[in-house]
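Chain and residue survey
As a plain string of letters, each chain reads:
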Amino acid sequence: MTMIAVVSPGGSPGVTTVCLAAAFSWSSPVLLAECGESSVLPGYFAGRQPYRAGVVEVAMTAARDLGAARLQLEEETVALDGAARRKLLLPGVADPRQALQIKDSWPQIAEVLKTSDRIVLADVGALGVESVPYAILTAADAVVLVLRPTVRFVARCGPRIEALSRGPLAATPRYLLLIGEGPYSPAEISRALGGTPVLGVIPTLPRAAEIFSDGAPQHLRWSARLQMSSLLQAATGFGVELWEHLKSRTYGQASVPDAGEPPGTATPLRQLTPPPPVPASHMPPPSFGVGSALDAGLDTTTGEGR
C-alpha cells in the first residue's frame, strides 16, 4: 500500500494537525504512524486512551521477527474512529530515551509499515535532527513538506529540499503543503524551492487545530464546528491533488503506488466522539507526561494532534 511521509522544516507549522485531518477526511482506510514523539495520545486524546508502546513495541519485535511484527502492528494501534477501526494510530515514542533505543530499527519498521493494507501517513516531524528516521523517507512513495508561506520557512526549506534531492531519496516525489496565507503566492513559493509542486493551502483555523492538538469539549461551539468542517475539506482537497500527481507519475516515478481508493469525503463531525475514561491501570509511565492525577472529569474529544 502507499506510504506518505509528512515532514516540516521545523518551527511547528502543524504536521500532526495535517496528518490527523487527512486521516479523518480521506475515505480510504488510514494508518497514522507517529515516527517520532507521541503527541496524539496526550494531545487529541488528552491522555484518556489506554497507553500503548506503539512503534517502540513494533521495533523491538521487528528486530527479532519481521513476520511477528507485521501481526503485532494491528495490536499496537489505537482506533481514531471507534469500533469502525478504519482510521488507526500507531503511537510514537513516549520517552525521548526510547528514540535512541530504536534508532537502528527504522528500516525494519518501514518494511513492516509498507505491508499494511491501509494508506500509511508517516508523521516524521521536523527534518534536520539526529533522530529523523530517514529509512521512513526512503521507503515512502511521496514526501510532503509542510510549511508556512513566509521567508523564514522558505529559508528553512531550501536545504531540506536539497537534501531530499540526493542519494536514495532523489527518486521519491516531493511536494509542498502550505499552511495559511502569506505575502507570497503558492507559485512563488514553488519557484523559490526549485519548482517543487504545491499540493494546496490549508487555512489557518486555530479552533479546529486546537481540537487536534489538545482535545476540546465534546459539544463544540458552532464556530469551532465550522472551522473543523473547513479543515477536513481542505485536507480532502490536498489528498485528491496528491493522488493526481502520483497517478501522473510526477518526477518520472517508475510506478504508481497502489493507493487503494483515493481520498474522498470528510468524516462527519458526529463521528469525532469522546473516548471513555482511562482506568488507572492503563495510565502511561510518568515520563509520558500524563499522570494518574489527570482530572477524570474533563470532557474531551478523541483525537490526536501536534
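Everything here concerns the structure above.
Everything numeric here is computed off the predicted structure, so don't read it as measured data.

Examining the pairing of strand E5 (residues 119-126)
- Within E5, seven of the eight residues are buried, leaving the element largely enclosed by the surrounding structure.
- With six bridges joining them, strand E1 (residues 3-8) and E5 adopt parallel strand pairing. Paired with Met3 across the bridge in E5 is Val120.
- The pairing of strand E2 (residues 30-34) with E5 spans five bridges and is parallel. Of the residues in E5, the one forming a bridge with Glu34 is Asp123.

Structural notes on the side chain of Ser190
- One can find Ser190 in helix H8 (residues 186-192).
- Residue Ser190 is classed as buried on the basis of its relative accessible area of 13%.

Concerning the pattern of salt bridges
- Tallied over the entire structure, the rule returns six salt bridges.
- Of the charged contacts, one joins Glu162 and Arg166 as a salt bridge, the two residues approaching to 2.4 Å between their closest N and O atoms.
- Using a relative accessible area of 52% as the deciding quantity, one classes Arg166 as exposed.

Describing the state of the cysteines
- Taken as a whole and assessed by the stated rule, the structure comprises zero disulfides.
- Of all cysteine sulfurs in the structure, the one in Cys19 sits closest to Cys35, which takes part in no disulfide; the separation is 9.3 Å.
- What makes Cys35 buried here is its relative accessible area of 3%.

Focus: the packing of helix H2 (residues 55-62) against helix H3 (residues 66-75)
- Running from N to C, H2 and H3 point in directions that differ by 160°, and their axes come no closer than 7 Å. When the interaxial angle is binned, H2 and H3 end up roughly antiparallel. Crossing of H2 against H3: the hand is right-handed. Facing Glu57, Val58, Thr61 and Ala62 of H2, the residues of H3 in contact are Leu66, Ala68, Ala69, Gln72 and Leu73.
- Classifying every residue of the contact of H2 with H3 gives six nonpolar, two polar and one charged.

Looking at unusual backbone geometry
- Phi angles above zero are rare outside glycine, and Ala46 is one such case at about 50°.
- Positive phi is not limited to glycine here, since Arg85 has a value of about 50°.
- When you line up the elements, Arg85 lands in the loop between strand E3 (78-79) and strand E4 (87-90).
- Residue Arg85 is classed as partly exposed on the basis of its relative accessible area, which comes to 30%.

With respect to the pairing of E4
- The side-chain alternation of E4 yields two buried faces, one formed by Lys87 and Leu89 and the other by Leu88 and Leu90.
- Bridge count between E2 and E4: four bridges; the pairing is parallel. If you follow Leu32 over to E4, its bridge partner there is Leu89.
- Two strands pair when backbone bridges link them, and E3 and E4 are joined in this way by two bridges, in the antiparallel orientation. Bridge pairing in E4 places Val78 opposite Leu89.

Things to note about the nonpolar core
- Counting 45 residues, the largest nonpolar core has Leu113, Val124, Ile136, Leu137 and Leu147 as its most contacted members.
- Every residue in contact with Leu147, bar those within four places of it in the chain, is listed here: Pro9, Pro13, Phe153, Val154, Cys157, Leu176, Leu177, Leu178, Ile179, Ile189 and Leu193.
- Listed in part, the 44 residues of the second largest apolar core include Phe24, Leu32, Leu177 and Ile179.

A short note on the packing of aromatic side chains
- Under the counting rule described, the total for this entry stands at six aromatic pairs.
- Between Tyr44 and Phe45, the aromatic rings sit 5.6 Å apart at their centres with planes inclined by 70°, giving edge-to-face as the arrangement.
- The exposure class assigned to Tyr44 is buried, which follows from its relative accessible area of 0%.
- Given the relative accessible area of 1%, Phe45 is considered buried.
- Through successive ring pairs, a cluster of aromatic residues spans Phe24, Tyr44, Phe45 and Phe212.

Conventions we followed
Residues numbered from 1 in each chain as written. Predicted model: local features only at pLDDT ≥ 70, side-chain atom pairs only at ≥ 80, totals over all residues. Heavy atoms only, no water. Buried < 20%, exposed > 50% of the residue type's maximum accessible area, 1.4 Å probe, protein only. Helix = DSSP H or I, 4+ residues; strand = E, 2+ residues; numbered from the N terminus. Pairing = 2+ DSSP bridges. Salt bridge = Lys/Arg side-chain N within 4 Å of Asp/Glu carboxyl O. Disulfide = S-S within 2.5 Å. Axes fitted to C-alpha atoms, helices over the stretch in contact; angles between N-to-C directions. Parallel < 35°, antiparallel > 145°, perpendicular 65-115°, else oblique. Left-handed = near helix turned anticlockwise from the far one by under 90°. Contact = heavy atoms within 4.5 Å. Nonpolar A, V, L, I, M, F, W, Y, C, P; charged D, E, K, R; others polar. Core = buried A, V, L, I, M, F, W, Y, C linked by side-chain atoms within 4.5 Å. Phe/Tyr/Trp six-rings, centres within 6.5 Å; stacked < 30°, edge-to-face > 60°.

Fair warning: the whole summary comes from geometry, so function is off the table for now.
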